[in-house]
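Take a look at the letters that make up each chain.
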Amino acid sequence: MNKNKYDKINSKLIKLKYATDNDDKFLLKLFNKLVIEKKTFTTKKIGFKQHKIWLKKKILNKSVHIIFFNENERAGYVRFDKINIKKFVVSIAVNKKFKGYNVAKIALFKALKKIKLQKIIIIAKIKSNNLESKKFFLKCGFIKKKYKNEYFLNYNWWLNLLIKNHSLLQKF
């Protein structure tokens, strides 16, 4: 990207699409990069065969959204894993090239809007040494739980924020 790092991307350039089999290598590479950087609770890189089995289930559940920049360039992913009927864990990753441009924040809010979850809690489980993720989720309105390294966002809170801030609603 040939922009100043502090320039923000127009939210209309960010699109979400459900993951398909064609996204397998992209997702695996991005996830394993996070493992190497010790930003996930997974400690070993995932193999391609194991990843294909996992991805098939996620595709059926429509729980992984691929973040696209300008319609054709994969920028990252947003994933929601169901814990129970009222709780989901969110995972988000963005290619280094797109960090600092608000891509993750735009994608997260678009994904929340797209899945239309109501009266649920979204949980972000973050390793204690992953300061970048902590900062990101706090900026997105997640509230730190008093124990463990989990950040919570009650969806009703998010919806109320959007209703109060009409300009934010227009962006996404």
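Now for a quick tour of the structure. Not measured: the values here are computed from a predicted model. (Residues numbered from 1 in each chain as written. Predicted model: local features only at pLDDT ≥ 70, side-chain atom pairs only at ≥ 80, totals over all residues. Heavy atoms only, no water.)

A few points about the pattern of salt bridges
Then, number 1: Evaluation of the coordinates by the stated rule reveals nine salt bridges.
Then, number 2: Between arginine 74 and aspartate 23 there is a salt bridge; the shortest N-O distance is 2.7 Å. Taken together, the residues span a long stretch of sequence, with arginine 74 in strand β3 (residues 73–84) and aspartate 23 in the loop between β1 (14–18) and α1 (24–36) at a distance of 51 residues.
Then, number 3: A relative accessible area of 3% means that aspartate 23 is categorised as buried.
Then, number 4: Close ionic contact of arginine 79 with aspartate 81 constitutes a salt bridge, the shortest N to O distance being 2.8 Å. The same class applies to arginine 79 and to aspartate 81, which are both buried.
Then, number 5: A network of salt bridges, in which partner residues are shared, links Lys33, Glu37, Lys39, Lys99 and Glu132. (Salt bridge = Lys/Arg side-chain N within 4 Å of Asp/Glu carboxyl O. Helix = DSSP H or I, 4+ residues; strand = E, 2+ residues; numbered from the N terminus. Buried < 20%, exposed > 50% of the residue type's maximum accessible area, 1.4 Å probe, protein only.)

Topic: the environment of valine 94
Then, number 1: Looking at the element boundaries, valine 94 is found in strand β4 (residues 87–94).
Then, number 2: Along the chain, valine 94 and isoleucine 67 lie 27 residues apart, while their C-alpha atoms are 8.2 Å from each other.
Then, number 3: Residues in contact with valine 94, not counting those within four places in the same chain, are Leu30, Ile67, Ala75, Gly76, Lys99, Val103 and Ala104. (Contact = heavy atoms within 4.5 Å.)

Here's the deal with the environment of phenylalanine 137
Then, number 1: Position of phenylalanine 137 among the secondary structure elements: in helix α4 (residues 131–139).
Then, number 2: Residues phenylalanine 137 and lysine 105, spaced 32 residues apart in sequence, show a C-alpha to C-alpha distance of 8.7 Å.
Then, number 3: The contacts of phenylalanine 137, once residues within four sequence positions are left out, are Val90, Ile92, Leu108, Ala124, Ile126 and Phe142.

What to know about the nonpolar core
Then, number 1: In this structure, Ile67, Val90, Val103, Leu108 and Phe137 are the most contacted members of the largest nonpolar core, which totals 30 residues.
Then, number 2: Secondary-structure elements contributing two or more residues to this core are β1, β2 (64–69), β3, β4, α3 (103–115), β5 (121–125) and α4.
Then, number 3: Here this core gets eight residues from one element, more than from any other, and that element is α3.
Then, number 4: In contact with valine 90, other than residues within four places in its own chain, are Val78, Arg79, Phe80, Leu108, Ile122, Ile123, Ala124, Phe137 and Phe142. (Core = buried A, V, L, I, M, F, W, Y, C linked by side-chain atoms within 4.5 Å.)

Some thoughts on the packing of α3 against α4
Then, number 1: In the contact formed by α3 and α4, the axes pass within 11 Å of each other and the chain directions differ by 50 degrees. With respect to α4, the axis of α3 lies oblique. Helix-helix and strand crossings are classified by hand; for α3 and α4 the assignment is right-handed. Together, Ala104, Lys105 and Leu108 of α3 and Phe136, Phe137 and Lys139 of α4 make up the contact between the two elements.
Then, number 2: Taken together, the residues that form the contact of α3 with α4 break down as four nonpolar, no polar and two charged. (Axes fitted to C-alpha atoms, helices over the stretch in contact; angles between N-to-C directions. Parallel < 35°, antiparallel > 145°, perpendicular 65-115°, else oblique. Left-handed = near helix turned anticlockwise from the far one by under 90°. Nonpolar A, V, L, I, M, F, W, Y, C, P; charged D, E, K, R; others polar.)

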